[in-house]
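Observations on chain architecture
The lines below spell out each chain.
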Protein chains: 2
Amino acid sequence: MKNVTIQDIANEAQVSKSTVSRVLNSSSPVHPDKRRAILEVTQRLGFQPNVVARSLSKGRSMTIGALTQNIGSPFYDAISQGVITGLGDTGYSPIFVDGRWQPKIEVGAIKALLGRRVDGLILIGGTMPVDELNELCGDLPTIIVGRQVANTHCIYTDNIDGGYLATKLLIEHGHREIAFIRGIAHHPDVIDRFQGYKNALHEADIELNKSLVIDGDFTSESGVQAIETLESRKQSFTAVFAANDTTAFGARLALYRRNLRVPEDVSIVGFDDQAEAAFMAPPLTTIRQPARRMGTLASSALLGLIDGAPFQSQSFQGELKIRESVSRPSSSHQ
Amino acid sequence: MKNVTIQDIANEAQVSKSTVSRVLNSSSPVHPDKRRAILEVTQRLGFQPNVVARSLSKGRSMTIGALTQNIGSPFYDAISQGVITGLGDTGYSPIFVDGRWQPKIEVGAIKALLGRRVDGLILIGGTMPVDELNELCGDLPTIIVGRQVANTHCIYTDNIDGGYLATKLLIEHGHREIAFIRGIAHHPDVIDRFQGYKNALHEADIELNKSLVIDGDFTSESGVQAIETLESRKQSFTAVFAANDTTAFGARLALYRRNLRVPEDVSIVGFDDQAEAAFMAPPLTTIRQPARRMGTLASSALLGLIDGAPFQSQSFQGELKIRESVSRPSSSHQ
DNA sequence: TTGTACGCGTTATCAC
DNA sequence: GTGATAACGCGTACAA
């Protein structure tokens, strides 16, 4: 059951392998009779062109490398899914590697991709500085998703605006003591969302109260923890803006345990609009990032770059998804 | 900035390319001096071995194909993640393709993988009959995950037992009117979980009430819908067993909208133990499937198969994760 | 220990 | 329109 090659077909059809190659790629005209014969044999033998050999010969591997950070984050996962579907049946296939948010592993992973002669790179999240990246990848077509980096092709969400939108919504509902559970403090997305939070506060003449700002790590556990921290500080609050939906879920659970109702006692806004957000009880008001679309856009943009088309970095505005986790504050508690 | 080859190194280091190849693979001893020189040049030129060429030469592509069904299901996603991490830095990289639960697309996707001369296959879910699979893949090492197929190497969960465990827990708490929101009725997992449900009922001398069994499609929407169907049927129930956690979330939301408390008025058990289950309010009691572990096991098992090691199909028992969504029924409602 | 020569399966460049 | 023949980059018998 060995793999059949174009040479086998050539023998069987009594032609040279060049002719076989020609009909298979319709690269130049071939006599109809031979053509038919070749096609028939190809079918009969169940020939599958060897992509590896083709890659070597053409200098194009028809693969694109995708670097994820495997944070287990629904957001990044959704982007990855978008990449897979976006590549669909373009002939390109994605190879996934995992950087685990660790620069050293990330470098190794990219090198592995380079060794496979990928035709392009999609970097999903990640921490590598751009100059180091250029050093590593030279002029390999690259799209960065979910991260804003100057002088690169990237696709990202406007996190400042998102943070602003979320906070402003709460302010408009009459909240003034708005806790912010941010993720890892030095994460660029977090910095921006925090900036948006501060901007909205400033605009409403509400002074920033640092004891309303709790660090977290994007997990639900950190959401639970954050509420506990607030309570232990005896910090009163009527609303929570969580760095992402996952965190919001944790916060919602902690509130539930304390018999605080959402939204009557405490309002919550999340970030991402991950699949489960719409089915939280109550459904979570959140800032939607079009993760899957960002993934599909990344792959089509990358294919464009490979073909020499230009690409302008694109930012998406977070979209406020108003559901049921926000209302006017009844009376501040604690 | 063209790619440097072993020939370049050979020229630079004044040796033949075979010698270069030897030190790079330490396939046979080389004089220390030359060895050092070659290594130095390799470093200096930033040489990256061309995996494509190596694949062609050795007949091993060092890639494994992963077929997902991209159902967006947390369960299958987690398996995929497990596959990626399981491959880690083994030198093998995964190529992902998407079958979308459509047999025709699935065949095409597998053919694409075959064309890339993957050294092995990991099938995550999927619908293809085993004989068709053999027809297609011949004796290519293959692991099937999340599906039980005779005469193959597969890794799956015992869904009958899982369904039984979930139902029995509810029965033990005194429930007798237990709704079952099953997924797509003909899905093999669903059939098994349903069997487990019936077994537990039978064991407790509870007659199967068909109007307590609602079809769904594994989505949260279908969970909402199922509760509405039950209500419209005026079917009383004190507990719900959902085909998966995602469905359970929807059910929980529908209950919330009807001011039915969980678990005081209605108990819920899910299936999967996806990440969000532990942070539902209240935390969801569910049957845990070790999805990530199944993924990592799949990759290590596959590498084993490739190296000629045997593999015995492995089933995991679903693990009952008792949390807070189940209690004794107070009084049946409706 | 080292170099030469060939093969892996395809595409591309020649002549005819 | 067609068939040799040389790449593509690497591994590896074989000979030296």
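Treat the numbers as computed from the prediction; the structure is a model and nothing was measured.

What counts, and at which threshold
Residues numbered from 1 in each chain as written. Chains lettered and ligands numbered in written order. Predicted model: local features only at pLDDT ≥ 70, side-chain atom pairs only at ≥ 80, totals over all residues. Heavy atoms only, no water. Domains from an automatic or database assignment. Buried area = accessible area lost by both parts, 1.4 Å probe. Salt bridge = Lys/Arg side-chain N within 4 Å of Asp/Glu carboxyl O. Polar contact = N/O pair within 3.5 Å; in protein donor to acceptor, adjacent residues only side chain to side chain. Helix = DSSP H or I, 4+ residues; strand = E, 2+ residues; numbered from the N terminus. Nonpolar A, V, L, I, M, F, W, Y, C, P; charged D, E, K, R; others polar. Near = heavy atom within 4 Å. Contact = heavy atoms within 4.5 Å.

Now for the domain arrangement of chain A. Bring the parts together and some accessible area is lost; that lost area is often taken as the interface size. Residues and elements named next belong to chain A. Domain parsing of chain A yields domain 1 (6-49), domain 2 (63-157 + 291-316) and domain 3 (159-289 + 320-333). One C-alpha centre belongs to domain 2, the other to domain 3, and the line joining them spans 30 Å. A combined buried area of about 710 Å² lies between domain 2 and domain 3, and 49% of that area is made up of carbon and sulfur atoms. Viewed at the interface, domain 3 and domain 2 are joined by 0 salt bridges. Summed over the shared surface of domain 2 and domain 3, the number is 3 residue pairs in polar contact (both at pLDDT 80 or more). Here the element with the most residues in the side of domain 2 that touches domain 3 is helix α5 (residues 74-87); it accounts for 3 residues. The residue inventory of the side of domain 2 that touches domain 3, partitioned by class, reads 5 nonpolar, 2 polar and no charged.

We now examine the protein's contact with DNA strand C. For DNA strand C, the set of nearby residues contains 24 residues, the closest of which are A:I6, B:S18, B:T19, B:R22 and B:H31. Of all atoms in DNA strand C that approach within 4 Å of the protein, 61% are sugar or phosphate atoms. The contact in question runs from a base nitrogen of DNA strand C to an N or O atom on the backbone of A:A53, over 3.4 Å. Between DNA strand C and the protein, one listed contact pairs a phosphate oxygen with a side-chain N or O atom of B:T19 at 2.6 Å. Of all the secondary structure elements, the ones that give two or more residues to the surface near DNA strand C are α2 (17-25) and α4 (51-58) of chain A together with α2 (17-25) and α4 (51-58) of chain B.

Before going further, it helps to spend a moment on the interface of chain B and chain A. Taken together, the 54 residues of chain B in the interface contact 53 residues of chain A. Looking only at chain B, the three residues that lose the most surface to chain A are B:R116, B:R117 and B:F279, adding up to 18% of its buried area. The interface formed by chain B and chain A includes 2 salt bridges. A:R257 is the salt-bridge partner of B:E324, the closest N and O atoms lying 2.8 Å from each other. The interface formed by chain B and chain A includes 22 residue pairs in polar contact (both at pLDDT 80 or more). Contributing elements (two or more residues each) for the side of chain B that touches chain A: α4, α5 (74-87), β2 (93-98), α6 (103-115), α10 (220-232) and α11 (245-257) of chain B. Considering each element in turn, the side of chain B that touches chain A owes the most residues, 6 residues, to α11(B). In terms of residue class, the side of chain B that touches chain A is built from 25 nonpolar, 17 polar and 12 charged.

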